[in-house]
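Summary of the model geometry
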Amino acid sequence: MFIGIDDTDSERGLCTTYLAGVLMERLVSWGEIEGLPRLIRLNPCARYKTRGNAALAFSLKSSRPDMVKRIALQTLLELSDFSGSNTNPGLVIAEEVTERMRTFYRSAVTEILSIDSARRLLDEEGIWYRGFKKGRGLIGALAAVGADLPDWTYELIAYRQRSRWGTPRFIDPATVWEADRLTYPHTWDTVDHHNQRVVFAPHSADPVLFGIRGSDPVAIKRAFETIRSEPVERYVLYQTNQGTDAHILEGQIARAKDSQSYRLHGFVAGPARVIAGGHVFLTLHNEGVGLNGGGRIECAAFEPTKNFRNIIKELRPGDELEVFGSVRDGTLNLEKINILHLAPEKVQAAPLCPQCHRRMESAGKGQGYRCRRCKTRSSSREIENRARDLETGFYEVPPCARRHLSMPLVRLKQKDLCIHPSR
């Protein structure tokens, strides 16, 4: 049987991943957990998400489905924050995973789905479920059960003792940096080198102490064993769609829709613009027709993306790009870019002497230029290309600003692409 849970936490506390960890422990007497539990991130554009828009699922082999349902329901009621305005828990227990459920998962990562569509599928497939309040958690719970992961990563989440919830976390920063040194690139987003920050621990009152993400469970465990911290109540290793770009659709600028995420191709239409708050905006256009699309779209590097904004400021009209990000209110929130071609940047300069090839000097206002050495003269300046500070290739936002689903460049390195990492 397959158990899915979603939307049990709130901005004030609790955590769906913690609930899943406790539930798996309680079900040990009634069955056998098969494989790793799954931590599934859904569409990052969802407006009613709580903190991370994550849903949980795991597989259990049991001969007592009645007890499993009872314990799962009791645990959800105990460890959900029903006072949260956006907390609408959902619990799904299915006997099998069908193709319709897999399709529902793929839609939940890239689209905004309705609660009615989830209930309809659950009823038509004859799946046992319970939804509370508005029941929005049924969308994530069903999607997590149906999760189809052609690509995946891992995350080990360590949880705090209950007596410490809501108090400042104790994690020894020096050991976190050492863990990163020992295990990168098989783990990532533990620290942010450019901004000199530890980024793998939340600051909210929820039960999570920290989470270590990576591609290799052995490296993740080594990092965990390196880190010194307050006592850990429990830890769970999850298989996840984090860091896979599962939310990114291939698209054209003219057809980009709100609340969806894309890889778009185009050309820089004008210089970057900086507005109050340090946010940087850039217009991307593609004048193609037919299958090549066309149109214009605003792209934004918001202040939390820190040093990434400097790359956007260096782009010039005519630069050819691929951009990755989510569209909200007609603007694409940049996650990373791939510079395909840099347009030549032309500047006016004093001409070179045709004899000695030295730069001429001004002969006075309105009198052109002259070479002091050879006495040659020229009436106008030359147009020449100036070297660009940028290189072609990929650039990404720093770990402190990365979305859960966004693929970090450390993973793209495996494909031998030209990368400019954030470390």
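Above this note sits the structure.
Rules used in this analysis
- Residues numbered from 1 in each chain as written.
- Predicted model: local features only at pLDDT ≥ 70, side-chain atom pairs only at ≥ 80, totals over all residues.
- Heavy atoms only, no water.
- Axes fitted to C-alpha atoms, helices over the stretch in contact; angles between N-to-C directions.
- Helix = DSSP H or I, 4+ residues; strand = E, 2+ residues; numbered from the N terminus.
- Parallel < 35°, antiparallel > 145°, perpendicular 65-115°, else oblique.
- Left-handed = near helix turned anticlockwise from the far one by under 90°.
- Contact = heavy atoms within 4.5 Å.
- Nonpolar A, V, L, I, M, F, W, Y, C, P; charged D, E, K, R; others polar.
- Buried < 20%, exposed > 50% of the residue type's maximum accessible area, 1.4 Å probe, protein only.
- Salt bridge = Lys/Arg side-chain N within 4 Å of Asp/Glu carboxyl O.

Relative to each other, helix α6 (residues 173-183) and helix α7 (residues 217-226) sit at 155°, their axes nearing to 8 Å. Relative to α7, the element α6 lies roughly antiparallel. Where α6 crosses over α7, the two elements pack in a sense that is right-handed. Two secondary-structure elements touch here, α6 through Thr 175, Glu 178, Ala 179, Leu 182 and Thr 183 and α7 through Ala 219, Arg 222, Ala 223 and Thr 226. Split by residue class, the contact of α6 with α7 holds 4 nonpolar, 3 polar and 2 charged.

Moving on, we get to the environment of Gln 239. Within the secondary structure, Gln 239 is located in strand β11 (residues 232-240). Here Gln 239 falls in the buried class, since its relative accessible area comes to 14%. For the pair formed by Gln 239 and Pro 217, sequence separation is 22 residues and the distance between their alpha carbons is 9.7 Å. Filtering out sequence-adjacent residues up to four positions away, Gln 239 remains in contact with Leu 36, Pro 37, Arg 38, Leu 39, Leu 149, Trp 152, Thr 153 and Tyr 154.

So, about the pattern of salt bridges. This model, assessed by the stated rule, comprises 30 salt bridges. Linking Arg 12 and Asp 81 is a salt bridge whose minimum nitrogen-to-oxygen distance equals 3.8 Å. Residue Arg 12 is found in the loop between β1 (2-6) and α1 (16-26), and its partner Asp 81 is found in the loop between α2 (65-78) and β4 (90-94); the two are separated by 69 residues along the sequence. Overall, the relative accessible area of 54% leaves Arg 12 in the exposed class. Taking the relative accessible area as the measure of exposure, Asp 81 reaches 14% and is therefore buried. Notably, a salt bridge pairs Lys 336 with Asp 245, separated by 2.9 Å at the nearest N-O pair. Of the two residues, Lys 336 is situated in strand β18 (residues 331-341) and Asp 245 in the loop between β11 and β12 (248-250); the sequence distance between them amounts to 91 residues. The class of Lys 336 is buried, set by a relative accessible area of 1%. Each member of the salt-bridge network shares a partner with another, and the members are Glu 99, Arg 102, Arg 106 and Asp 148.

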